[in-house]
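# Examination of the molecular architecture
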Amino acid sequence: MRCPGGVWFDQDEVVHLVREAQRGEPRALDGLLARLRPWFVTFFARRIGPDAAEDAAQGALIRIAGAFRRIDPERAGRYIITVAENLLRSECRRHAREARRSAPVELAETMEAPGTPDGEADYRDFGRAVQRASLATLPPELREIILGLLRGLSPSEIAAQQHVHPVTIRTRLLRARVLLRPELRLYCSPDSRAM
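We now turn to the structure provided with this report. From a predicted model like this one, the values you see are computed outputs, not experimental measurements.

### Structural notes on the overall build of the protein chain
A tally of helices and strands in the protein chain yields 10 helices and zero strands. Counting helices and strands in the order they occur from the N terminus, the protein chain gives α-α-α-α-α-α-α-α-α-α. Out of the 195 residues in the protein chain, the part that is buried amounts to 31%. Nonlocal contacts in the protein chain, meaning residues at least 24 apart in sequence, comprise 60% of its contacts between residues at least 6 apart. Entry remark: accessible area of the protein chain is about 12400 Å², with carbon and sulfur atoms responsible for 54%.

Shown next, in the form of structure tokens:
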């Protein structure tokens, strides 16, 4: 069977292996998983790289092992492809979230380490930039959270002060970051650092 990305596996062999596993043949499930493993690794490696492919393939095999009794042998190929596509989609989303959470290396290179006089000055300047951007950009409920963080409060302490659940504060903090990001890009640009 030809699958997305041009990867092949033998549909008849998979049907046979699923049937054997469902009948309880000794080591049949191991045989099915062993046969599918290289296909999963190849499928994922083409899209997310070899290291992540090993982990994704393991996740796919675990799903197949947990569901093999419910798989219709005649449709096993389509089921396997669906498992792979769903895992790939989840993995791509996870990578995208991680990419959004990281900051560019250039930002780290432009700021001094905290604890040095220049680092503390950069930290204070950045804090003032965040405070100015917060006052200009954020609605009051988000502004209070950012200002609380600048005062050194933890999200849990802010939640206790506002009598809300800590998850609410974290959600609002994510929203505030999204709103502040365009404002704070000005701080990171080379032109604004000279001011």
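### Some words on a positive patch on the surface
Among the surface-exposed residues, R89, R93, R97, R100, R177 and R181 lie close enough to one another that they form a single positively charged patch. Of all elements in the fold, only α4 (76-101) and α9 (166-188) reach the threshold of two or more residues within the positive patch. The biggest single contributor to the positive patch is α4, with four residues. For R93, the position within the fold is in helix α4. What makes R93 partly exposed here is its relative accessible area of 47%.

### Observations concerning the packing of helix α7 (residues 140-150) against helix α8 (residues 155-162)
Viewed as axis vectors pointing N to C, α7 and α8 meet at an angle of 130 degrees, and their least axial separation amounts to 10 Å. Overall, the two elements α7 and α8 adopt an arrangement that is oblique. As α7 packs across α8, the resulting crossing turns out to be right-handed. Side by side, α7 and α8 meet where E144, I145, G148 and L149 of the first sit next to P155, I158 and Q162 of the second. Residues belonging to the contact of α7 with α8 are distributed by class as follows: four nonpolar, two polar and one charged.

### Digging into empty space enclosed by the protein
If you walk through the whole model with that rule in mind, you get one cavity of 30 Å³ or more. Taken as a whole, the largest cavity holds about 30 Å³ of empty space. Around the largest cavity, the lining residues are F9, D10, E13, V14, R35, L36 and W39. Of all the elements in the fold, those that place two or more residues in the lining of the largest cavity are α1 (11-23) and α2 (28-48). Broken down by element, the residue count for the lining of the largest cavity peaks at three residues, all from α2. In the lining of the largest cavity, the residues fall into four nonpolar, no polar and three charged.

### A word on the side chain of E91
Among the structural elements, E91 can be located in helix α4. Here the side chain of E91 touches R94 through a polar contact of 2.4 Å, side chain to side chain. In this structure, E91 is in contact with I48 and A52, ignoring residues within four places of it in sequence.

About the thresholds
- Residues numbered from 1 in each chain as written.
- Predicted model: local features only at pLDDT ≥ 70, side-chain atom pairs only at ≥ 80, totals over all residues.
- Heavy atoms only, no water.
- Helix = DSSP H or I, 4+ residues; strand = E, 2+ residues; numbered from the N terminus.
- Buried < 20%, exposed > 50% of the residue type's maximum accessible area, 1.4 Å probe, protein only.
- Contact = heavy atoms within 4.5 Å.
- Areas by Shrake-Rupley, 256 points an atom, 1.4 Å probe, with all protein chains shown as cover.
- Patch = residues over 30% accessible without salt bridge, like charges linked within 9 Å, V, L, I, M, F, W, Y side chains within 5 Å.
- Salt bridge = Lys/Arg side-chain N within 4 Å of Asp/Glu carboxyl O.
- Lys, Arg positive; Asp, Glu negative; His and termini not counted.
- Charge placed at Lys NZ, Arg CZ, Asp CG, Glu CD.
- Axes fitted to C-alpha atoms, helices over the stretch in contact; angles between N-to-C directions.
- Parallel < 35°, antiparallel > 145°, perpendicular 65-115°, else oblique.
- Left-handed = near helix turned anticlockwise from the far one by under 90°.
- Nonpolar A, V, L, I, M, F, W, Y, C, P; charged D, E, K, R; others polar.
- 1 Å grid on protein atoms, 1.4 Å probe; cavity = no way out; pocket = protein on both sides within 12 Å on 5 of 7 lines; lining within 4 Å.
- Points joined across faces, edges and corners; volume = space filled by probe spheres on them.
- Polar contact = N/O pair within 3.5 Å; in protein donor to acceptor, adjacent residues only side chain to side chain.

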